[in-house]
Structures are given as structure tokens and as C-alpha cells.
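Listed here are the chains, written in short residue letters.
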Amino acid sequence: MKSLSLEGKTAVITGATRGIGRTIAVEFLKAGCDIGVNYNRTPADDLVELAEQLGRRCYAVPADVSKVEDCERLVSTTAAELGKIDILVNNAGITRDTLLMRMDNEAWDSVIETNMRSVFACSRAAVKLMMRARSGVIVNITSVSGIMGNAGQCNYSASKAGIIGFTKSLAREVSSRNIRVVAVAPGFVTTEMTSVLPDAVRENALKVIPLGRFGQTEDIAHAVLFLASPLAGYITGEVLRVDGGMAM
Ligand code: NAP
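Residues numbered from 1 in each chain as written. Predicted model: local features only at pLDDT ≥ 70, side-chain atom pairs only at ≥ 80, totals over all residues. Heavy atoms only, no water.

Description of the site of the ligand
Stage number 1. As a structural note, the neighbourhood of the ligand is formed by 31 residues, with Arg18, Arg41, Thr42, Tyr156 and Thr191 the closest of them.
Stage number 2. Separating an oxygen atom of the ligand from a backbone N or O atom of Arg41 is a distance of 2.4 Å.
Stage number 3. Taking Asp64, its side chain carries an N or O atom lying 2.7 Å from a nitrogen atom of the ligand.
Stage number 4. When isolated, the ligand has an accessible area of 890 Å², and the protein chains bury 96% of it.
Stage number 5. Spatially, the ligand is embedded in the largest pocket.
Stage number 6. Elements supplying a minimum of two residues to the shell around the ligand: α1 (19-30), α6 (154-174) and α7 (192-195).
Stage number 7. Ranked by the residues each element gives to the shell around the ligand, the list is headed by α7, at three residues. (Near = heavy atom within 4 Å. Polar contact = N/O pair within 3.5 Å; in protein donor to acceptor, adjacent residues only side chain to side chain. Areas by Shrake-Rupley, 256 points an atom, 1.4 Å probe, with all protein chains shown as cover. 1 Å grid on protein atoms, 1.4 Å probe; cavity = no way out; pocket = protein on both sides within 12 Å on 5 of 7 lines; lining within 4 Å. Sits in = over half its atoms within 2 Å of the grid points. Helix = DSSP H or I, 4+ residues; strand = E, 2+ residues; numbered from the N terminus.)

Quick notes on helix α4 (residues 105-133)
Stage number 1. Taking 1.5 Å as the rise per residue, α4 with 29 residues should run 42 Å; its terminal C-alpha atoms sit 40 Å apart, in good agreement.
Stage number 2. Arg134 sits one or two residues past α4 and shows a positive phi near 55°. (Expected span 1.5 Å × (residues − 1).)

Focus: the environment of Arg117
Stage number 1. Positionally, Arg117 belongs in helix α4.
Stage number 2. Separated by 93 residues in sequence, Arg117 and Pro210 have C-alpha atoms that sit 33 Å apart.
Stage number 3. Arg117 has contacts with Ser66, Lys67, Val68 and Ile112, leaving out every residue within four places of it along the chain.
Stage number 4. Looking at Arg117, its side chain comes within polar contact range of the main-chain oxygen of Ser66, at 2.7 Å. (Contact = heavy atoms within 4.5 Å.)

Re the pattern of salt bridges
Any two side chains of opposite charge can pair, so long as their charged atoms come close to each other.
Stage number 1. Applying the stated criterion to the full structure yields 14 salt bridges.
Stage number 2. With a shortest N-O distance of 2.9 Å, Asp243 and Arg241 are connected by a salt bridge.
Stage number 3. Overlapping salt bridges bring together Glu7, Asp34, Arg56 and Arg57 as one network. (Salt bridge = Lys/Arg side-chain N within 4 Å of Asp/Glu carboxyl O.)

Concerning the layout of surface pockets
Empty space among the atoms becomes apparent when a probe as large as a water molecule is rolled across them.
Stage number 1. Taken as a whole, the largest pocket holds about 1400 Å³ of empty space.
Stage number 2. Around the largest pocket sit 48 residues that line it, and Gly93, Ile94, Thr95, Tyr156 and Met193 are the ones nearest its centre.
Stage number 3. Elements with a minimum of two residues in the lining of the largest pocket: α1, β2 (34-39), α5 (145-148), α6, α7 and α8 (199-207).
Stage number 4. With four residues, α7 is the largest single contributor of residues to the lining of the largest pocket. (Points joined across faces, edges and corners; volume = space filled by probe spheres on them.)

Side note on helix α3 (residues 68-82)
Since the α-helix turns once every 3.6 residues, residues separated by three or four places project in the same direction.
Stage number 1. Taking 1.5 Å of rise per residue, the 15 residues of α3 would be expected to cover 21 Å, and the 21 Å separating its terminal C-alpha atoms lies within 8% of that figure.
Stage number 2. When α3 is considered as a whole, its buried residues turn out to be Asp70, Cys71, Leu74, Val75, Thr78, Ala79 and Leu82. One side of α3 holds all its buried residues, which, seen down the axis, span an arc of 160°. Exposed residues pointing more than 90 degrees away from the buried face of α3 are listed as Glu69 and Ala80.
Stage number 3. Among the structural elements, β1 (10-13), β2, β3 (58-62) and α4 are those in contact with the buried residues of α3.
Stage number 4. Positive phi appears at Gly83, one or two residues downstream of α3, with a value of about 100°. (Buried < 20%, exposed > 50% of the residue type's maximum accessible area, 1.4 Å probe, protein only. Arc of directions from axis to C-beta.)

Concerning the state of the cysteines
Stage number 1. Scanning the entire structure with this criterion turns up zero disulfides.
Stage number 2. Here Cys71 stays free of any disulfide, with the sulfur of Cys122 as its closest cysteine sulfur at 3.5 Å. (Disulfide = S-S within 2.5 Å.)

Structure representation (C-alpha cells):
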């Protein structure tokens, strides 16, 4: 029987020490998965402890995923430590919101490098291992901003739209090797990323969410768990919006 269980699987999750990535890591551990996580500024000690309590393994790697060499080291050391990589979740992301007229080169480059180049570099490293194993799943975290656009987010929307194109192209490249590539597009989720937004922006966002509430990190993690699981074995190249209906 196929199920949501990830028993016997090993995953790498980027940006897993807080927010959406952390909840994905917790749900994966609870589903029986061993995980490799990168930490940049936020330590991963609590995830390592939780893994021990659940009888799972969590290998924490210091890595800045905006750097290609760090992405490659994250994937290779995790594979060496945990034995293999079945699942890659490209979650790490940042915002540097401002109108295009005021956007400096650094705000553009840092968002593109952290959000999009990391997906390229981690996926390239993981796909090499998955091709050899003739199986694997890559789940990329994009955003409704990459679908609808959002004033003040030209850099972020471009990076997230780029991830959608990347997802579909890679899915076509590797399907014959039994590797699935999918994306999840969250709407407005309560995390540190959105807590810095002014109240007026948050109130306006709430008005355009048909389900009438902001997303919780569990809403996104459950969709990622499903897509990474054997239950989603016939789904590839798909972008699943998890947004309370915001972008329909
Ligand atoms: P968050 O709370 O700000 O967490 C971001 C995570 O990414 C942190 O763990 C952070 O690690 C990590 N990270 C950032 N830059 C990194 C780098 N250079 N190297 C390694 N790790 C790095 O954000 P979130 O809301 O959970 O967002 C997670 C993903 O969902 C992002 O891709 C975001 O674009 C996407 N998303 C979020 C929303 C939302 O409403 N929250 C909506 C749509 C899409 P440190 O703590 O070490 O910096």
C-alpha cells in the first residue's frame, strides 16, 4: 500500500532551521525520513535533538546556499553521511522588497542568487546522485508572487517565476530516470519573512484570500510531504498552489 510514510528515505532540506523549512524538516522526521539540513545564521541543534528523540538522523551542515560551492558541499557531505539522497527540498529564500526604481544591484543579485541559483546548484548536485540511483524527488518552494507578480517584488517574483520554469524543464529532462520534479507555491504564510511587513500590507493581503486566513507553515509542509511521498508517484512538473485560493 502506498502511503505518506517516508520510512527509509533520506532528504536534504535547505533553509530548514526556521519558518516553512523547519516545519518541513519536522514533518519529514515524523514521517520516518532521515534529513540533512543546512544552517546559515540559525543553528540546527533543536532539529538534531528532535531527530534523536524520534530515532531518526539529522545531519546539519553550515552552508550559504547563495554560493554554488556551499550547495555542492551540502549535497555531497549529506550523501556521504546519510548514505544517499532520495529527496531534495529547495526551500531557502529571502526577500529584499522595494520598487524597481529604487532597487540596487545588490538587492537584485542577492535575491536571485539565494532563491534561484541555489535551486540550480543544489538540484544539479542531487540529480547526479539520483540519476545513478534511478529514482528521486525534487520539491522546489516557489511563491504565488512568481505566478501573479507583486509590486515591490520584481527581484523576488523573477526568482520564483524562474523556479517554476526550472521545475518544468528539469522534470522533462529526468522523468525517464524515474526522478520527479515539482513545486509548491505558498501564498501568504505566517513566518519571520512576512512578520516584518507593515500592518496595512498584511490587512490588504488578508482581504484577497478566499479562505480568510493566512497560511500556517504546516499547510505548506503537508503539501510538500504529499508531493515527496509515494502517493504522488504520478505527479511531475506540477506547481501546487497552497494559498487559500489567493491566486486562483
Ligand atoms: P524565513 O522564515 O525567513 O526562513 C528562511 C529560511 O531560509 C531560514 O532558515 C534561513 O536561514 C534560510 N536562508 C536564507 N538565506 C539563506 C542562505 N543564503 N543560505 C542558507 N539558508 C538561507 O522564510 P519562510 O517564510 O519560511 O520562507 C521559506 C520559503 O518559502 C522561501 O523560499 C520563501 O520565498 C517561500 N515563501 C514564503 C512565503 C511566506 O509567506 N512566508 C510565501 C511564499 C513563498 P537563516 O535563519 O540561517 O538565515
